[in-house]
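Chain residues, written in single-letter form:
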Amino acid sequence: MQAPLHSAPFDKVNVIALIVKSVSSYRVLVFLRFFIAIIGGYAFTSASTALLSFVLPIAKQDAVLFSVSISILIYAVVFIYAFSVKSLKTVWISILLSTGAFIGLLALLKGWV
């Protein structure tokens, strides 16, 4: 008698276990940190730049110029933050919530809502 090729049947439980195992893999975790650092950092930087240029009490063109100049520093800080915090969930939540808060505050101040 020949042994079966696989010991467990292919069902949803095995697929979910495989996905959970692959998500906890080191390469996937590093990819997720790079993703939030690049994409989330861009969103955070653009939202904070827009808000900062709107609330600075100086001439409009000077506020925009200052905000764009400081955006390089903001993006670098967010990128470093994405890799300095131990918990990946904390990084995702903090960047996405603060970006949403900046966009919401800008919408309220500009009267979009």
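Residues numbered from 1 in each chain as written. Predicted model: local features only at pLDDT ≥ 70, side-chain atom pairs only at ≥ 80, totals over all residues. Heavy atoms only, no water.

Overview of the overall build of the chain
Looking only at helices and strands, the chain has four helices and zero strands in total. Listed N to C, the secondary structure of the chain is α-α-α-α in terms of helices and strands. Of all 113 residues assigned to the chain, the portion counted as buried reaches 22%. The contacts of the chain with a sequence gap of at least 6 include a subset with a gap of at least 24, amounting to 67%. Carbon together with sulfur atoms contributes 76% to the accessible area of the chain, which is approximately 8,400 Å² in total. (Helix = DSSP H or I, 4+ residues; strand = E, 2+ residues; numbered from the N terminus. Buried < 20%, exposed > 50% of the residue type's maximum accessible area, 1.4 Å probe, protein only. Contact = heavy atoms within 4.5 Å. Areas by Shrake-Rupley, 256 points an atom, 1.4 Å probe, with all protein chains shown as cover.)

What to know about helix α3 (residues 60-84)
Look at α3: 35 Å from first C-alpha to last across 25 residues, which is about the 36 Å you get at 1.5 Å a residue. The axis of α3 is deflected most strongly, by about 30°, at S71. Taken as a whole, α3 has its buried residues at A63, S67, S71, I74, V78 and A82. Tucked into the core, α3 has its buried residues touching α2 (26-55) and α4 (88-110). (Expected span 1.5 Å × (residues − 1). Bend = angle between axes of the 7 residues up to and from the residue.)

Looking at the side chain of T45
Counting through the fold element by element, T45 comes out in helix α2. Separated by 2.7 Å, the side chain of T45 and the backbone oxygen of G41 make a polar contact. Setting aside residues up to four positions removed in sequence, T45 forms contacts with S71, I74 and Y75. (Polar contact = N/O pair within 3.5 Å; in protein donor to acceptor, adjacent residues only side chain to side chain.)

Considering the nonpolar core
In a soluble, globular protein the nonpolar side chains are often hidden away together inside. I36, A37, F44, I74, V78, A82, V85, V91 and I95 together form the largest nonpolar core, which totals nine residues. For this core, the elements supplying multiple residues, two or more each, are α2, α3 and α4. (Core = buried A, V, L, I, M, F, W, Y, C linked by side-chain atoms within 4.5 Å.)

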